[in-house]
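# Secondary and tertiary structure notes
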Amino acid sequence: NALTSIIGFESLQLFFGLMASLSESVFSIFIIFGLLTRISASFLGFTMTIATLKHLMKYELPEMAIIYLTFSFLIFISGPGKYSIDNLILKKFKE
């Protein structure tokens with residue numbers, strides 16, 4: 001509801017709600033297993049940015065959203081690890 005009220009598209013509430021729930025559930029599991037790591041971290045980071053803005057608009061402290069945003073950014077920068085599924089897929093294509 002926060003993003004759609006900011007940009008003025010109330011009809012997109014269902015879409016952004018679906019994307020937020022996917023990024024907080026499915027894409028978080030993808031990050032754990034190292035599958036589509038940077039894409040998943042970017043979706044999660046976008047969701048946490050919107051959550052931070054929503055808290056700030058209500059004059060609340062968004063400390064948890066900022067912590068999650070920071071970790072999403074760090075995961076995006078560092079990328080998948082040595083034992084990730086992304087790394088295994090890249091090894092197959094390099095051979």
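See above for the structure.
Residues numbered from 1 in each chain as written. Predicted model: local features only at pLDDT ≥ 70, side-chain atom pairs only at ≥ 80, totals over all residues. Heavy atoms only, no water.

Now for helix H2 (residues 13-33). Here H2 spans 29 Å end to end across 21 residues, near enough to the 30 Å set by a 1.5 Å rise per residue. By the largest-angle criterion, Ser-23 marks the main kink of H2, which is about 40 degrees. All buried positions along H2 are accounted for by Ser-23, Phe-27 and Ile-31. Tucked inside the fold, the buried residues of H2 contact helix H3 (37-57) and helix H4 (63-78). Gly-34 sits one or two positions beyond H2 and adopts a positive phi of about 80 degrees. (Helix = DSSP H or I, 4+ residues; strand = E, 2+ residues; numbered from the N terminus. Expected span 1.5 Å × (residues − 1). Bend = angle between axes of the 7 residues up to and from the residue. Buried < 20%, exposed > 50% of the residue type's maximum accessible area, 1.4 Å probe, protein only. Contact = heavy atoms within 4.5 Å.)

Before going further, it helps to spend a moment on the nonpolar core. Formed by Ile-31, Ala-41, Leu-44, Met-48 and Ala-65, the largest nonpolar core amounts to five residues. Residue contacts for Leu-44: discarding those within four places in its chain leaves Ser-23, Glu-24, Ser-28, Ile-31 and Ser-72. (Core = buried A, V, L, I, M, F, W, Y, C linked by side-chain atoms within 4.5 Å.)

Taken together, the side chains of Met-64, Ile-67, Tyr-68, Phe-71, Phe-73, Leu-74, Phe-76 and Ile-77 make up a nonpolar region of the molecular surface, amounting to roughly 800 Å² of accessible area. As for its position among the elements, Phe-76 is in helix H4. (Patch = residues over 30% accessible without salt bridge, like charges linked within 9 Å, V, L, I, M, F, W, Y side chains within 5 Å. Areas by Shrake-Rupley, 256 points an atom, 1.4 Å probe, with all protein chains shown as cover. Salt bridge = Lys/Arg side-chain N within 4 Å of Asp/Glu carboxyl O.)

For the rest of this paragraph, the subject is the packing of H3 against H4. Viewed as axis vectors pointing N to C, H3 and H4 meet at an angle of 155 degrees, and their least axial separation amounts to 8 Å. Relative to H4, the element H3 lies roughly antiparallel. Considering how the two elements wind past one another, H3 and H4 form a crossing that is left-handed. Note on element contacts: H4 touches H3 through Ala-65, Ile-66, Tyr-68, Leu-69, Ser-72, Ile-75, Phe-76, Ile-77 and Ser-78, opposite Thr-37, Arg-38, Ala-41, Ser-42, Leu-44, Gly-45, Met-48, Thr-49, Ala-51 and Thr-52. Within the contact of H3 with H4, the residues separate by chemical class into eleven nonpolar, seven polar and one charged. (Axes fitted to C-alpha atoms, helices over the stretch in contact; angles between N-to-C directions. Parallel < 35°, antiparallel > 145°, perpendicular 65-115°, else oblique. Left-handed = near helix turned anticlockwise from the far one by under 90°. Nonpolar A, V, L, I, M, F, W, Y, C, P; charged D, E, K, R; others polar.)

Here we take up the packing of aromatic side chains. Applying the stated criterion to the full structure yields three aromatic pairs. Taking the centre distance of 5.3 Å and the plane angle of 65 degrees together, the rings of Phe-15 and Phe-16 count as edge-to-face. A relative accessible area of 44% means that Phe-15 is categorised as partly exposed. Judged by its relative accessible area of 23%, Phe-16 falls in the partly exposed class. Relative to Phe-43, the ring of Phe-27 has its centre 4.9 Å away and its plane inclined at 10 degrees; by these criteria the two rings are stacked. Of this pair, Phe-27 sits in helix H2 while Phe-43 is found in helix H3, placing the two residues 16 residues apart along the sequence. (Phe/Tyr/Trp six-rings, centres within 6.5 Å; stacked < 30°, edge-to-face > 60°.)

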